[in-house]
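# Tertiary structure, described
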Amino acid sequence: DTEVTQTPKHLVMGMTNKKSLKCEQHMGHRAMYWYKQKAKKPPELMFVYSYEKLSINESVPSRFSPECPNSSLLNLHLHALQPEDSALYLCASSQARTSLAGEETQYFGPGTRLLVL
Amino acid sequence: GQQVMQIPQYQHVQEGEDFTTYCNSSTTLSNIQWYKQRPGGHPVFLIQLVKSGEVKKQKRLTFQFGEAKKNSSLHITATQTTDVGTYFCAGPNTGGFKTIFGAGTRLFVKA
């Protein structure tokens, strides 16, 4: 199984809502990532979890709150978002053979297309 | 800071023509990865190059890693409409803690 799954596929939320994005992988990978991608731009790293511990937070605003309940699951909790947060949110995973996430091949999920009104 | 630059930004080709995208890093890379993202899709891993001067082929796709490990290219021979999408190169940042993506090259193929 080389698949990373993400739910929901699409999400529309108001600026006062609280919602969560979910990501799951069953490849035995121990590193998981959240990226944000705007149209016609490359993915932009938000968070990295390695062995269920947060290892990188790219100075992401606190209205985004990641959680890694176990080695297969990754959540992104959203609260009080702004319209400029509308984007494709991608989850990815990698083996974590080393402690250097940048050295690894990443497998991306299909993403959640988020629209904040 | 470290940059990974990619050119061209976009390219239109007629089906059957060849296509090349180039990637240049401001620093030496331990490896370089290539991803393809179809319109409306997500990045899909294509290949990783590790050795200086390495050349790898996947059917009509040829990937090269420069001798100095600071540049790379992806060449597609005889493009097909299924090649449409954005091709990203990516490499580890200094220290290797995260991956830096190039801006991508959008390929349009006209049948």
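Predicted, not measured: the structure shown is a model, and the values here were computed from it. (Residues numbered from 1 in each chain as written. Chains lettered and ligands numbered in written order. Predicted model: local features only at pLDDT ≥ 70, side-chain atom pairs only at ≥ 80, totals over all residues. Heavy atoms only, no water.)

### Remarks on the overall build of chain A
Counting its secondary structure elements, chain A contains zero helices and 11 strands. Along chain A, helices (α) and strands (β) appear in the sequence β-β-β-β-β-β-β-β-β-β-β when read from the amino end. A compact globule built from 117 residues should have a C-alpha radius of gyration of about 13 Å, and chain A, at 13 Å, falls within 12% of that. With the C-alpha coordinates of chain A rotated into their principal frame, the extents come out at 40 × 30 × 30 Å. The burial tally for chain A puts 47% of its 117 residues in the buried class. A sequence separation of at least 24 residues applies to 56% of the contacts in chain A between residues at least 6 apart. When the accessible surface of chain A is totalled, it reaches about 5,800 Å², and 50% of it is carbon and sulfur. On chain A, the mean spot of the 13 positive side-chain charges and the mean spot of the 11 negative ones are 7 Å from each other. (Helix = DSSP H or I, 4+ residues; strand = E, 2+ residues; numbered from the N terminus. Rg over C-alpha atoms; globule rule 2.2 N^0.38 Å. Buried < 20%, exposed > 50% of the residue type's maximum accessible area, 1.4 Å probe, protein only. Contact = heavy atoms within 4.5 Å. Areas by Shrake-Rupley, 256 points an atom, 1.4 Å probe, with all protein chains shown as cover. Lys, Arg positive; Asp, Glu negative; His and termini not counted. Charge placed at Lys NZ, Arg CZ, Asp CG, Glu CD.)

### Considerations on unusual backbone geometry
Cis rather than trans, the peptide bond between Thr7(A) and Pro8(A) has omega equal to -10°. One can find Pro8(A) in the loop between β1 (4-7) and β2 (10-13). The step from Ile7(B) to Pro8(B) runs through a cis peptide bond, and the omega angle for that step is -5°. With respect to the secondary-structure elements, Pro8(B) resides in the loop between β1 (4-7) and β2 (10-14). Although it is not a glycine, Tyr51(A) sits at a positive phi angle of roughly 50°.

### Concerning the packing of aromatic side chains
Evaluated as defined, the whole model comprises 11 aromatic pairs over all chains. Ring geometry for Tyr35(B) and Phe45(B): centres 5.8 Å apart, planes at 70°, overall edge-to-face. Linking Tyr35(B) in strand β4 (residues 32-37) with Phe45(B) in strand β5 (residues 43-49), this pair joins segments that are 10 residues apart in sequence. Judged by centre distance (5.6 Å) and plane angle (45°), the rings of Tyr35(B) and Phe101(B) are tilted. One end of the pair, Tyr35(B), is in strand β4; the other, Phe101(B), is in strand β10 (residues 99-101), and 66 residues separate them in sequence. One aromatic cluster is present, formed by Tyr33(A), Tyr35(A), Tyr107(A), Phe108(A), Tyr35(B), Phe45(B), Phe88(B) and Phe101(B) through successive ring pairs. (Phe/Tyr/Trp six-rings, centres within 6.5 Å; stacked < 30°, edge-to-face > 60°.)

### Some details on the interface of chain B and chain A
With 23 residues of chain B at the interface, the matching set in chain A holds 22 residues. Both faces considered, chain B and chain A share a buried interface measuring about 1,800 Å² in area, 52% of it formed by carbon and sulfur atoms. Summed over the three residues of chain B that lose the most area to chain A, namely His42(B), Lys98(B) and Phe101(B), the buried surface amounts to 26% of that side. The tally of links between chain B and chain A comes to one salt bridge. With its nearest N and O atoms 2.4 Å apart, the salt bridge here joins Lys98(B) to Glu58(A). For the side of chain B that touches chain A, the elements supplying multiple residues, two or more each, are β4, β5, β9 (85-92) and β10 of chain B. Residue classes in the side of chain B that touches chain A are distributed as eight nonpolar, 13 polar and two charged. (Buried area = accessible area lost by both parts, 1.4 Å probe. Salt bridge = Lys/Arg side-chain N within 4 Å of Asp/Glu carboxyl O. Nonpolar A, V, L, I, M, F, W, Y, C, P; charged D, E, K, R; others polar.)

### Let's talk about the layout of surface pockets
Space inside the largest pocket adds up to approximately 570 Å³. For the largest pocket, the lining is made up of 25 residues, of which Ala39(A), Lys40(A), Lys41(A), Thr86(B) and Arg106(B) are closest to its centre. Sorting the residues of the lining of the largest pocket by element identifies β9 and β11 (105-110) of chain B as the ones contributing at least two each. Sort the elements by how many residues they give to the lining of the largest pocket and β11(B) lands first, with four residues. A class-by-class count of the residues in the lining of the largest pocket yields nine nonpolar, 10 polar and six charged. (1 Å grid on protein atoms, 1.4 Å probe; cavity = no way out; pocket = protein on both sides within 12 Å on 5 of 7 lines; lining within 4 Å. Points joined across faces, edges and corners; volume = space filled by probe spheres on them.)

### A few points about the state of the cysteines
All names here are of chain A. Evaluation of the coordinates by the stated rule reveals two disulfides over all chains. The disulfide partner of Cys-23 is Cys-91, and the S-S distance across this bridge is 1.9 Å. Taking the torsion about the S-S bond as the criterion, the Cys-23 to Cys-91 disulfide, at about -70°, is left-handed. Separated by 68 residues along the polypeptide, Cys-23 in strand β3 (residues 18-25) and Cys-91 in strand β9 (residues 87-94) bring together distant segments of the chain. Each member of the pair, Cys-23 together with Cys-91, is buried. Free of any disulfide, Cys-68 has its nearest neighbouring cysteine sulfur in Cys-91, separated by 9.2 Å. (Disulfide = S-S within 2.5 Å.)

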